[in-house]
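Residue-level structure breakdown
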Amino acid sequence: MTTPFLSPQRRRRFSSYFVLALALLILGGVYSALAPTGYAQDAAATTADQVAKGHDLFILNCSSCHGLNAEGTTVAPDLRPEGAAAVDFQVGTGRMPLKQLGMQAKRSIPHFTQEQIDQLAAYVGSLSATSPKIPSAGQTTVRDANGQLISGVDVAKGGRIFSENCAQCHNVVGQGGALTGGMAAPELRLATDKQIWEALATAPGNMPSFMKQLNDKDKLDVIAYVTSIRSNFDKGGNPIGRLGPVPEGAVGWILGVGGLLVFCVWIGSRI
Ligand code: HEC
Ligand code: HEC
């Protein structure tokens, strides 16, 4: 009698490996399909009509704190040297109009449409020729349409710049952290490429300015780093509300170790 190539027992064992490998493959596929990709935005060209509409919006929504000509008051800074980039950042991240004096401006849902934000930025930008302008797509784009890094962009260098200049406030993976005086550095998960550039150029709140310290290439590398650690935020799949290590550990134990136990028992019962 000839021996079969695989005994029924070994065949069963191989089929359980096969099921496990297949399950892992499917999980991996689902994760990569859901993982976020890069984004790109365009800077709008300024027209006289935009400036006029922006002026009207400014008088209604900003002048009570920043003054009728954006010159600043005792409660809010002069916006003329801050320019279009600062307005696009502050209003685009929902920080302005500030809801309550004395509170740190927090990122929230923008109060205005992008069209209105462009108008406000055009108006404030028109007050000074030397203030920072909204960056062009070329200054902020680090990935092509397929989400691949554009050649020449160096994530590793961006990471070095980040750990030397940003990690002390934003934490090494960009999760943010507390600063002195009840202030906080925000997590960097939501800022778009353009907003990261604008934050570097316009120094919001307690953040120092990196306009001169980092050249255009450095800024691209930093944007690439910040947007690439972002996909690492939820490396294991479901973030469980980002509550931190305790619930993550609990889920790890219950599902992971529990699952392994069930698997062991299952294998044991088959042999
Ligand atoms: C309730 C008062 C208040 C209103 C209304 C308000 N701001 Fe502000 N704004 C402030 C204060 C205070 C600061 C400085 C605090 C900070 O930078 O976090 C500030 C900071 C800014 C900055 C950053 C300036 C810098 O030095 O970097 C910009 C740009 C700005 N505001 C634009 C606007 C625009 C545009 C509007 C209207 C849509 C507006 N603000 C409405 C109080 C206000
Ligand atoms: C001294 C602490 C400090 C350092 C250093 C610092 N930041 Fe910040 N950063 C802040 C604070 C505080 C804010 C929030 C500003 C506000 O209150 O409106 C901020 C805001 C930001 C935002 C906007 C986030 C959002 O979602 O709106 C980005 C992006 C950012 N920082 C990137 C960087 C990068 C990149 C570096 C290094 C090159 C850096 N920061 C260095 C403190 C810091």
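Here the structure is a predicted model, which means the values were calculated and not measured.

This paragraph deals with the packing of aromatic side chains. For the structure on display, the rule yields three aromatic pairs. Consider the rings of Phe162 and Tyr225, whose centres lie 5.2 Å apart with planes at 45°: the pair is tilted. Pair noted here: Phe162 is in helix α7 (residues 155-165) and Tyr225 is in helix α10 (residues 216-233), with a separation of 63 residues, a long-range link. For Tyr225, a relative accessible area of 15% puts it in the buried group. Here Phe263 and Trp266 contribute two aromatic rings whose centre-to-centre distance is 5.9 Å and whose plane-to-plane angle is 25°, an arrangement assigned as stacked.

Next up on the list: the coordination of the iron atom of ligand 1. Ideal geometry at a metal centre: 109.5 degrees between donors when four sit tetrahedrally, and 90 or 180 degrees when six sit octahedrally. Every protein donor of the iron atom of ligand 1 is accounted for by His66 (NE2) and Met96 (SD), and the metal-donor separations fall at 2.0 to 2.3 Å. Relative to the metal, the six donor atoms surrounding the iron atom of ligand 1 lie at angles of 89 to 179°, and the coordination shape comes out octahedral. Of this pair, His66 sits in helix α3 (residues 63-66) while Met96 sits in the loop between α4 (83-92) and α5 (114-125); the two residues are 30 residues apart in sequence, bridging distant segments of the chain.

With that settled, consider unusual backbone geometry. Cis peptide bonds are those with omega within 30 degrees of zero, and the linkage from Met96 to Pro97 qualifies with 0°. As for its position among the elements, Pro97 is in the loop between α4 and α5. Even without a glycine there, the phi angle at Ala70 is positive, about 60°. Topologically, Ala70 is positioned in the loop between α3 and α4.

Moving on, we get to the confidence of the model for the chain. Confidence along the chain averages 85 in pLDDT terms, with 81% of residues attaining 70 or more. Low pLDDT, under 50, characterises residues 35-44; the stretch is placed with twelve contacts to residues that sit more than four places away or in other chains.

Definitions and limits used
Residues numbered from 1 in each chain as written. Chains lettered and ligands numbered in written order. Predicted model: local features only at pLDDT ≥ 70, side-chain atom pairs only at ≥ 80, totals over all residues. Heavy atoms only, no water. Phe/Tyr/Trp six-rings, centres within 6.5 Å; stacked < 30°, edge-to-face > 60°. Helix = DSSP H or I, 4+ residues; strand = E, 2+ residues; numbered from the N terminus. Buried < 20%, exposed > 50% of the residue type's maximum accessible area, 1.4 Å probe, protein only. Donors = N, O, S within 2.8 Å, 3.2 Å for Na, K, Ca; no water. Tetrahedral: all angles 85-135°; square planar, octahedral: opposite > 155°, others 65-115°. pLDDT = per-residue confidence, 0-100. Contact = heavy atoms within 4.5 Å.

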